[in-house]
Every structure is written in structure tokens, then in C-alpha cells.
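Descriptive structure summary
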Amino acid sequence: MGLFSAGDIDVAGAQAEFQAWLIDGERVLAAFRTVRDTALLTNLRFIFVDVQGLTGSKKEFLSIPWRSVTRFSFETAGTFDLDADMKMWVSGAATPLEVKISRKSDPQHIHRLMTQLIVGR
């Protein structure tokens, strides 16, 4: 997800900003943003918004239903690390999707949330 780590953004603000891309009953549970890109964890799926081009008017919306995630991992930020790494392996993909998350975020909260969404179904 870009060159920079993604920091937490307000869930209510993300819900309002991306409401047109969500279906009825879908709720944003956690959201992260780099300078340009956004990652959303909703109650139904993981959404990655890749802003492209110089003007940022072109955007790719990658949508992964939680049932397609086969495993995931977190690597917390160490003493000299700038960020934590969240990886998700998706059915049919050889390599994991990786999102670098700010060290200021709470990896335990994100891990519990993803565990509930993936394993708790």
C-alpha cells in the first residue's frame, strides 16, 4: 500500500466518504490512509482504494470478501521500524496483500477484529 505507512482515520468519516461504495447494512469497522490510498475493514469485506495518476481522479477499488481470506499475519513495529505489517492471503493469489500500518495504530485491536471477521463466522 504505497511507500508510506497507513495511519488510522475516523471510522464515521470513512463510512460517510465511501458510503456510495458500500451496500445496505455494511459498516466500516476500521480504516487506514496513506497520503493517497485507503484501506477499509468492513463487516463484510476488505476494501483497498488505490488512487492512481497525477491528479488522483482515477481510483481502483479492490474488494475482498472475508470468506476469501485464507490466513493473515501481523508483524508489529520494532525499535527501528516505522510501521507494522499486515498481510492477508487470498484464495487464488500466490502472494499476500500487504498493508503497512502506522506504529501508532493498535495491532492487537486490528488482529482481534480480523479474527472475528474471518474465523468467527
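Structure: above.
Everything in this summary refers to the structure shown in the same document. (Residues numbered from 1 in each chain as written. Predicted model: local features only at pLDDT ≥ 70, side-chain atom pairs only at ≥ 80, totals over all residues. Heavy atoms only, no water.)

What follows deals with the overall build of the chain. Within the chain, the regular secondary structure consists of two helices and eight strands. For the chain, whose C-alpha radius of gyration is 14 Å, the value lies close to the compact-globule estimate of 14 Å for 121 residues. Its C-alpha atoms give the chain principal-axis dimensions of roughly 35 × 35 × 30 Å. When burial is assessed residue by residue, the chain has 39% of its 121 residues classed as buried. In the chain, the share of contacts with a sequence separation of at least 24, taken over all contacts with a separation of at least 6, comes to 38%. Accessible surface, the chain: about 7,200 Å² in total, of which carbon and sulfur atoms supply 55%. Considering the chain, the positive charge centre built from 14 side chains and the negative charge centre built from 14 side chains are found 3 Å apart. (Helix = DSSP H or I, 4+ residues; strand = E, 2+ residues; numbered from the N terminus. Rg over C-alpha atoms; globule rule 2.2 N^0.38 Å. Buried < 20%, exposed > 50% of the residue type's maximum accessible area, 1.4 Å probe, protein only. Contact = heavy atoms within 4.5 Å. Areas by Shrake-Rupley, 256 points an atom, 1.4 Å probe, with all protein chains shown as cover. Lys, Arg positive; Asp, Glu negative; His and termini not counted. Charge placed at Lys NZ, Arg CZ, Asp CG, Glu CD.)

Quick look at the environment of Lys-100 now. Within the fold, Lys-100 resides in strand β8 (residues 97-102). Here Lys-100 falls in the partly exposed class, since its relative accessible area comes to 27%. Put simply, Lys-100 and Asp-85 are 15 residues apart on the chain and 4.7 Å apart in space, counted from C-alpha to C-alpha. Within the local environment of Lys-100, its side chain forms a polar contact with the side chain of Asp-85, the two groups lying 2.9 Å apart. Within the structure, the side chain of Lys-100 is placed 3.4 Å from the side chain of Glu-98, a separation counted as a polar contact. (Polar contact = N/O pair within 3.5 Å; in protein donor to acceptor, adjacent residues only side chain to side chain.)

A separate point is the side chain of Thr-38. Note that Thr-38 resides in strand β3 (residues 38-42). Accessibility expressed as a relative area gives 2% for Thr-38, which makes it buried. In terms of polar contacts, Thr-38 uses its side chain to reach the side chain of Arg-33, at 2.9 Å.

Before going further, it helps to examine the environment of Lys-87. Structurally, the position occupied by Lys-87 is in strand β7 (residues 83-90). Here the alpha-carbon distance between Lys-87 and Ala-30, two residues 57 residues apart in the chain, equals 16 Å. For Lys-87, the residues in contact, after removing those within four places along its chain, are Arg-71, Phe-72, Ser-73, Pro-96, Leu-97 and Glu-98.

Let us look at the sheet that holds β8. Strand order in the open sheet formed by three strands is β6-β7-β8, with antiparallel pairing between adjacent strands. The strands lining the two open edges of the sheet, one partner per strand, are β6 (69-75) and β8. Going from strand to strand, the sheet's axes swing by 20° on average, the running direction of each strand aside. Strand direction decides the pairing type here: β6 and β7, joined by six bridges, are antiparallel. Note on β7: the bridge partner recorded for Phe-72 is Met-88. Against the sheet, helix α2 (residues 107-118) touches β6, β7 and β8, its axis set at about 170° to β6. (Pairing = 2+ DSSP bridges. Axes fitted to C-alpha atoms, helices over the stretch in contact; angles between N-to-C directions.)

Time to look at the pattern of salt bridges. Side chains carrying opposite charge are able to pair once their charged atoms draw close together. On inspection of all chains with the given rule, the structure shows four salt bridges. Note that Lys-100 is salt-bridged to Asp-85, the shortest N-O span being 2.9 Å. Linking Lys-100 in strand β8 with Asp-85 in strand β7, this pair joins segments that are 15 residues apart in sequence. For Asp-85, a relative accessible area of 11% puts it in the buried group. When salt bridges with common partners are traced through the structure, they connect Asp-85, Glu-98 and Lys-100 into a single cluster. (Salt bridge = Lys/Arg side-chain N within 4 Å of Asp/Glu carboxyl O.)

Everything listed here is a matter of geometry and, on its own, says nothing about what the molecule does.
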